[in-house]
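A structural walkthrough
Each chain, letter by letter, is given below.
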Amino acid sequence: DFKESSSPATPEAEEKTSRDNQAISGAKESSAGFTINSMNMKNAMTGKVLWESDSTQSMVDGATKAYIPKEILQCRAVSREINFTSALEMSAFRLVQRVLFHGNSIEEWNFEFGFVIPGSTNSWQQIIEAADEMMPAEVLSGNVTIVTEFFNGDEFIAKSSVLIYYE
């Protein structure tokens, strides 16, 4: 069920890859020329890739969908890696991520990257620790939206909104 190779072997796998590639296209390219190139999520303890999406599309405002293996809910910690490109220098690149359940915020995280070299492509990894009690995948699937806002200091850069389905 996990996408661990870059080339799908079946039509079903091709459709899943297409759905997952759309999952990271949820923000708008800003005046800073900010683009997300790819994203993955791993079990932080084992390093096993549980979900990945590679897309060269500019991020566009609006909600998208991601289909993630429900195994991720069993992880004590998840490592998320974002590969991004910025045309311009950023002195205080950061993100704020909120988890919404039925539209209500239930978790919020703030992550700081810092200085971004102009014209650079960067990888940024964050570790997200699981809550002590996790709701079942059947309850969460289709009811959780992850909203991620990217900033340079206080200047808004882009926003991504992803509706999560667990498979």
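Below, the structure is looked at part by part. (Residues numbered from 1 in each chain as written. Predicted model: local features only at pLDDT ≥ 70, side-chain atom pairs only at ≥ 80, totals over all residues. Heavy atoms only, no water.)

**Structural notes on the pattern of salt bridges**
Here the structure, examined in full by the defined rule, presents three salt bridges. Salt-bridge contacts for Glu71 lead to Lys48; the nearest nitrogen and oxygen are separated by 4.0 Å. Taken as a pair, Glu71 in the loop between strand E3 (63-68) and strand E4 (77-86) and Lys48 in the loop between strand E1 (35-43) and strand E2 (49-54) lie far apart in primary sequence, 23 residues in all. Residue Glu71 is classed as partly exposed on the basis of its relative accessible area of 30%. In this structure, Arg76 engages Asp132 in a salt bridge whose closest nitrogen and oxygen atoms are separated by 3.8 Å. In this pair, Arg76 is assigned in the loop between E3 and E4 and Asp132 in the loop between strand E7 (120-129) and helix H2 (137-140), connecting sequence segments 56 residues apart. With relative accessibility at 47%, the residue Arg76 sits in the partly exposed group. Looking at Asp132, the relative accessible area reads 74%, which means it is exposed. (Salt bridge = Lys/Arg side-chain N within 4 Å of Asp/Glu carboxyl O. Helix = DSSP H or I, 4+ residues; strand = E, 2+ residues; numbered from the N terminus. Buried < 20%, exposed > 50% of the residue type's maximum accessible area, 1.4 Å probe, protein only.)

**Things to note about the pairing of strand E9 (residues 155-166)**
Relative to E9, strand E8 (residues 144-152) runs antiparallel, the two being bridged by nine bridges. Across the sheet, Glu149 pairs through a bridge with Lys159, a residue of E9. Where E8 hands over to E9, the hairpin turn is made up of two residues, of which Gly153 adopts a positive phi near 65°. (Pairing = 2+ DSSP bridges.)

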